[in-house]
Amino acid sequence: MAIKIGRNDPCWCGSGRKYKVCHQNFDDKIQHFANLGHIVPEHDIIKNAEDIEKIKESAKINIAVLDYIEENIHEGMKTSEIDKIVYDMTTDMGGIPAPLNYEGYPYSVCTSVNDQVCHGFPSDKVILKSGDIINVDCSTILDGYFSDSSRMFCIGDVSEEKRRLVRVTKEAMELGLEEVKPWGFLGDMGQAVHDHAYANGYTVVREIGGHGVGFEFHEEPWVSYNSVRGQEMLMVPGMIFTIEPMINMGKVDIYTDPKNDWEVYTKDHKPSAQWEIMVLVTEEGHEVLSW
């Protein structure tokens, strides 16, 4: 990380303060880790205090929409109804659903049921029935700032086998969160997620992971949950990323529907679960911005 800025120049972060009293020590510490061969973040993914407040405003919409869905999702509901709720609530609150038209995705939300791993299309033909589990993945743009989170829901009389998958997946996410702290590594978080899932007899999807978020829908870093403690990118204050493990009841193998090139399923058609939170690395540890 080559720094080409004078000690008395304005800091790159936009604070207006001199570099030497703002981020020089921060950059020196990052450079130390880079010299040791670690992957370190670039400045363009570090959020300042103003950015963080604007991202939190976006997250308020995301949380409100998921709260409403949590209160109203039910057996007999079409997943297309969830899509309409997300679009109507998000736009009524001044936001834009981030998935809509993102790289050609045609809906405002992802609704992934049972063996769908992610990117499930809302549809009039998909009607929630007793025994289903569903992930509702909601993402919001407000004034150019992005937020992202998802929740699992159990519909009606769900088997203990499926409920356990949903519960363990949330536990894995929470154990990963405990590892988020400044000057640690994404691999610390990833291994905690991975170990809990496999200890419970499950597998963790390899090809799809979390991501940085805030300025864009998907930023650096890519976040793996099949990673090793002490590896992957250095976590520093001002980084924001998602923790969103996709955990399969059966084998790890997945495939993408060739008809639409979006919907992802488990190859063995056993259920998959995912919880997603958006996390800020702080000076003291972390703060969950969207859930």
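My aim in this report is to walk through the structure given alongside it, one point at a time. (Residues numbered from 1 in each chain as written. Predicted model: local features only at pLDDT ≥ 70, side-chain atom pairs only at ≥ 80, totals over all residues. Heavy atoms only, no water.)

## Here we look at the sheet that holds strand β11 (residues 254-256)
One open sheet accounts for 3 strands, arranged β3-β12-β11; its pairing is antiparallel. Whereas interior strands pair on both sides, the edge strands pair on one side only; in this sheet they are β3 (116-118) and β11. If you compare each strand with its neighbour and ignore which way they point, the axes differ by 40 degrees on average. Where β11 meets strand β12 (residues 264-266), 3 bridges bridge the pair, whose relative direction is antiparallel. In the strand pairing of β12, I254 is matched with T266. (Pairing = 2+ DSSP bridges. Helix = DSSP H or I, 4+ residues; strand = E, 2+ residues; numbered from the N terminus. Axes fitted to C-alpha atoms, helices over the stretch in contact; angles between N-to-C directions.)

## A few points about the packing of helix α4 (residues 160-178) against helix α5 (residues 186-199)
Axis separation between α4 and α5 bottoms out at 7 Å; the angle between their running directions is 155 degrees. Comparing the axis directions of α4 and α5 gives the class roughly antiparallel. For the pair α4 and α5, the crossing hand works out as right-handed. Along its contact with α4, which presents V168, E171, A172, L175, G176 and L177, the element α5 presents M189, A192, V193 and H196. (Parallel < 35°, antiparallel > 145°, perpendicular 65-115°, else oblique. Left-handed = near helix turned anticlockwise from the far one by under 90°. Contact = heavy atoms within 4.5 Å.)

## Notes on the environment of F215
Here F215 is to be found in the loop between β7 (210-212) and β8 (219-223). The class of F215 is partly exposed, set by a relative accessible area of 25%. Those residues in contact with F215 that lie beyond four places of it in its chain are D44, I46, K47, D51, G144, Y145 and F146. (Buried < 20%, exposed > 50% of the residue type's maximum accessible area, 1.4 Å probe, protein only.)

## Some details on the nonpolar core
One finds V180, M189, F241 and I243 to be the most contacted residues of the largest nonpolar core, which totals 39 residues. Secondary structure elements with two or more residues in this core: α1 (24-35), α4, α5, β9 (240-243) and β14 (277-281). Top contributing element to this core by residue count: α4, with 6 residues. Residues contacting M189, with those up to four places away along its chain left out, are G176, L177, E179, V180, V223, Y225, F241 and I243. Counting 18 residues, the second largest nonpolar core, distinct from the first, contains V65, I69, V136 and C138. (Core = buried A, V, L, I, M, F, W, Y, C linked by side-chain atoms within 4.5 Å.)

## A closer look at unusual backbone geometry
The linkage connecting E220 with the following residue, P221, adopts the cis geometry, with an omega of 0 degrees. Among the secondary structure elements, P221 is positioned in strand β8. One non-glycine residue with positive phi stands out, namely N114, at about 55 degrees. With relative accessibility at 15%, the residue N114 sits in the buried group.

## Section: the pattern of salt bridges
This model, assessed by the stated rule, comprises 12 salt bridges. Linking E53 and K56 is a salt bridge whose minimum nitrogen-to-oxygen distance equals 3.7 Å. Pair noted here: E53 and K56 are both in helix α2 (residues 49-72), with a separation of 3 residues, about one helical turn. The residue R167 makes a salt bridge to E160 at a minimum N-O spacing of 3.6 Å. The class of R167 is partly exposed, set by a relative accessible area of 39%. Where salt bridges share partners, they join E53, K56 and E287 into one cluster. (Salt bridge = Lys/Arg side-chain N within 4 Å of Asp/Glu carboxyl O.)

## As for the pairing of strand β15 (residues 286-290)
Sheet topology places β14 next to β15; 4 bridges connect them, and they run antiparallel. Within β15, the residue paired with L280 across the bridge is E287.

## A short note on the sheet that holds strand β10 (residues 246-248)
In a beta sheet, neighbouring strands are held together by backbone hydrogen bonds and run either parallel or antiparallel to one another. An order of β6-β10-β13 is seen for the 3 strands of this open sheet, with the pairing classed as antiparallel. Unpaired on one side and paired on the other, β6 (203-204) and β13 (272-274) mark the two borders of the sheet.

## Things to note about the side chain of T242
Take T242: it is sitting in strand β9. Residue classification places T242 among the buried residues on the basis of a relative accessible area of 0%. Among all residues touching T242, those that are not within four sequence positions of it are D148, G210, H211, V213, V223, Y225, E276, I277 and M278.

## Brief notes about the packing of α2 against helix α3 (residues 79-92)
Geometrically, a packed helix pair is captured by the angle between its two axes and the distance between the axes. Running from N to C, α2 and α3 cross one another at 145 degrees; their axes reach a closest spacing of 10 Å. Along this stretch, α2 crosses α3, giving a crossing that reads as right-handed. The residues of α3 that touch α2, namely those facing I61, A64, V65, Y68 and I69, are I82, I85, V86, M89 and T90. For the contact of α2 with α3, the class distribution of residues is 9 nonpolar, 1 polar and no charged. (Nonpolar A, V, L, I, M, F, W, Y, C, P; charged D, E, K, R; others polar.)

## Structural notes on the side chain of T203
Among the secondary structure elements, T203 is positioned in strand β6. At 2.9 Å, the side chain of T203 forms a polar contact with the backbone oxygen of G250. A polar side-chain atom of T203 sits 3.4 Å from the main-chain carbonyl oxygen of K251. (Polar contact = N/O pair within 3.5 Å; in protein donor to acceptor, adjacent residues only side chain to side chain.)

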